[in-house]
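# Remarks on the overall topology
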Amino acid sequence: MSKISSIEGRILYNSRGSKTIEIDVKSEGKFLGRVCAPSGASVGKYEAVSFPNEKPEESLRIIQENSQKFIGLESSDLKGIHDALKSLDNSTNYSKIGGALAFAVTIAAMESASKASGQPLFKTLSSESSFKFPFPIGNILGGGAHAGPGTPDIQEILICAIGSKTIEDAIETNLAVHKELRSVLENEDSSFTNGRGDEGGWAPKLENQKALEISAKACENLGFTLGKEVSLGVDFASSTQWNEEKQKYVYDRSGFENSTGEQIDFAANIIEKYKLIYAEDAVHEEAFEDMAELTAKFPNILITGDDLTVTSKNILTKAIDSKSCNAAILKVNQAGSLYDALEFASVAHQNNIKLITSHRSGESTDSQISHIGIATKSKMLKVGVVGGERIAKLNELLRLSEHDLIRGMAEI
Ligand code: PEP
Ligand code: MG
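Residues numbered from 1 in each chain as written. Chains lettered and ligands numbered in written order. Predicted model: local features only at pLDDT ≥ 70, side-chain atom pairs only at ≥ 80, totals over all residues. Heavy atoms only, no water.

## Things to note about the coordination of the magnesium ion (ligand 2)
Within the protein, Asp235 (OD), Glu280 (OE) and Asp306 (OD) serve as the donor atoms for the magnesium ion (ligand 2), at 1.9 to 2.2 Å. Counting the intervening residues between successive donors of the magnesium ion (ligand 2) yields the motif D-x44-E-x25-D. Separated by 71 residues along the polypeptide, aspartate 235 in strand β7 (residues 231-235) and aspartate 306 in the loop between β12 (302-305) and α9 (313-321) bring together distant segments of the chain. Across this residue pair, the class does not change: aspartate 235 and aspartate 306 are buried. (Donors = N, O, S within 2.8 Å, 3.2 Å for Na, K, Ca; no water. Helix = DSSP H or I, 4+ residues; strand = E, 2+ residues; numbered from the N terminus. Buried < 20%, exposed > 50% of the residue type's maximum accessible area, 1.4 Å probe, protein only.)

## Concerning the nonpolar core
Side chains that are nonpolar tend, in soluble globular proteins, to be buried together. With 127 residues, the main nonpolar core has Ile23 and Leu232 as its most contacted residues. With ten residues, the top contributor of residues to this core is helix α3 (residues 99-117). Looking at which domains feed residues into this core, each of domain 1 (4-118) and domain 2 (131-409) supplies at least three. The contacts of isoleucine 23, once residues within four sequence positions are left out, are Ile7, Glu8, Gly9, Gly33, Arg34, Val35, Ile63, Leu101, Ala104, Val105 and Ala108. (Core = buried A, V, L, I, M, F, W, Y, C linked by side-chain atoms within 4.5 Å. Domains from an automatic or database assignment. Contact = heavy atoms within 4.5 Å.)

## Some words on the site of ligand 1
With respect to spatial proximity, 15 residues lie near ligand 1, and among them Ala41, Ser42, His146, Arg360 and Ser361 are the closest. With respect to ligand 1, the side chain of lysine 331 contributes an N or O atom lying 3.1 Å from an oxygen atom. The site holding ligand 1 turns out to be the second largest cavity. Here the residues of the shell around ligand 1 are counted per class, giving one nonpolar, six polar and eight charged. Formed jointly, the shell around ligand 1 draws a minimum of three residues from each of two domains, domain 1 (4-118) and domain 2 (131-409). (Near = heavy atom within 4 Å. Polar contact = N/O pair within 3.5 Å; in protein donor to acceptor, adjacent residues only side chain to side chain. 1 Å grid on protein atoms, 1.4 Å probe; cavity = no way out; pocket = protein on both sides within 12 Å on 5 of 7 lines; lining within 4 Å. Sits in = over half its atoms within 2 Å of the grid points. Nonpolar A, V, L, I, M, F, W, Y, C, P; charged D, E, K, R; others polar.)

## With respect to the sheet that holds strand β13 (residues 327-330)
Neighbouring strands of a sheet are bound in pairs by backbone hydrogen bonds; such pairs are parallel or else antiparallel. Taking strand neighbours around the barrel as the criterion, the eight strands line up as β5-β6-β7-β11-β12-β13-β14-β15 in a closed arrangement whose pairing is mixed. The average undirected angle you get between the axes of adjacent strands in this sheet is 30°. Of the pairings in the sheet, the one linking β13 to strand β14 (residues 354-358) comprises four bridges and is parallel in character. Note that in β14 the partner of alanine 328 across the bridge is leucine 355. (Pairing = 2+ DSSP bridges. Axes fitted to C-alpha atoms, helices over the stretch in contact; angles between N-to-C directions.)

## Focus on the pattern of salt bridges
Considering all chains together, one arrives at 27 salt bridges under this definition. Residue arginine 34 is joined to glutamate 22 by a salt bridge in which the shortest nitrogen-to-oxygen separation is 3.8 Å. Here arginine 34, found in strand β3 (residues 31-36), pairs with glutamate 22, found in strand β2 (residues 19-27); they are twelve residues apart in sequence, far enough to count as distant. The exposure class of arginine 34 is partly exposed, given its relative accessible area of 35%. For glutamate 22, a relative accessible area of 9% puts it in the buried group. (Salt bridge = Lys/Arg side-chain N within 4 Å of Asp/Glu carboxyl O.)

## Structural notes on the domain arrangement of the protein
According to the domain assignment, the protein consists of domain 1 (4-118) and domain 2 (131-409). With 28 residues of domain 1 in contact, the opposing surface of domain 2 contributes 30 residues. Broken down residue by residue, the surface that domain 1 buries against domain 2 is led by Ser15, Ser42 and Tyr46, which jointly contribute 21%. Joining domain 1 to domain 2, the criterion identifies three salt bridges. Across the salt bridge formed by aspartate 198 and arginine 16, the nearest N and O atoms sit 2.6 Å from each other. Listing elements by their share of the side of domain 1 that touches domain 2, those giving two or more residues are β3, α2 (78-88) and α3. (Buried area = accessible area lost by both parts, 1.4 Å probe.)

This is the structure we're talking about:
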């Protein structure tokens, strides 16, 4: 048991160079939990607000003025810390204090508790006695809100080494595909600059289908069969294309529009043609029935909600009632506090919804998310393939492979 003795914060920058908040929670004057909050670019309508009036400085002022509310609490008492945050902000989306603050305070407190108890963070977050590694899934080619004009409209083409038996092999395989894709892109287009999007995926001037073809080719060049050693995934992030006025998906860069029916066919064709294991936000964030069509059609593919479910247990319950997805992204900062996110995880588990713990496009170099993915029994950990802030999470998995309590890979 250890009591919080201080809570301090500062303004830092995330990987996109935007201001964010970092929080230090100390227990017993010495056990430091330190967390820097990430932020998204393709943000769901119903996510927690990052900062009040978009100002990290306001979140910082609030925690500095209210640190006494936290001092003396047990650092492991996640509910107590969550309640103290809620006493400062009873809104549903943390608009008064900022979801980034709730994120950083709750995870930093748990990290402090884990240091005080001498246990790794994943063990502090879970009462289970044995754990598995989630499969790393990462962005090899980026477009949409994560890359510039000329890149694909779809946001992310992802790689996942589904045939790997060890975390080491899974990470190495993803890296090999990312690297091979660069060669394939250079061969296809001599003007390719090796530019990358926000999450480290290559950002070539290609339309959607060509980008998918080339990604598949990179896998095949390495001797892999799609669906065996590796599979591709896609985050369509379709709310970016959805035009409410036209009631259509507008693919500006490729120059076409999809009605809602055409969008379902568009996604279904991609899933079938490229043998995807994973399809995220294939329709826009309020199209629960359209997502249900895809979920019924593809029971063995992870039909995943991100903007659709925004790590909200209430919205996930709605998605479950309408059979809209069989998998859901867990992004703690969409929910706000870690307590909120773990409640979301337990609703998911009770209803056989597979979890994918995920980074944000604007990240810090922290790696607590790797522990959160393990503790929440996530099937996948979506943290990118390269880039310092992405590699930090993968390297933490490699460190954790030395731990006896984690054995083998999750069953997808
Ligand atoms: C995503 O959409 O899944 C994602 C990680 O991007 P962002 O953080 O921009 O929402
Ligand atoms: Mg997404």
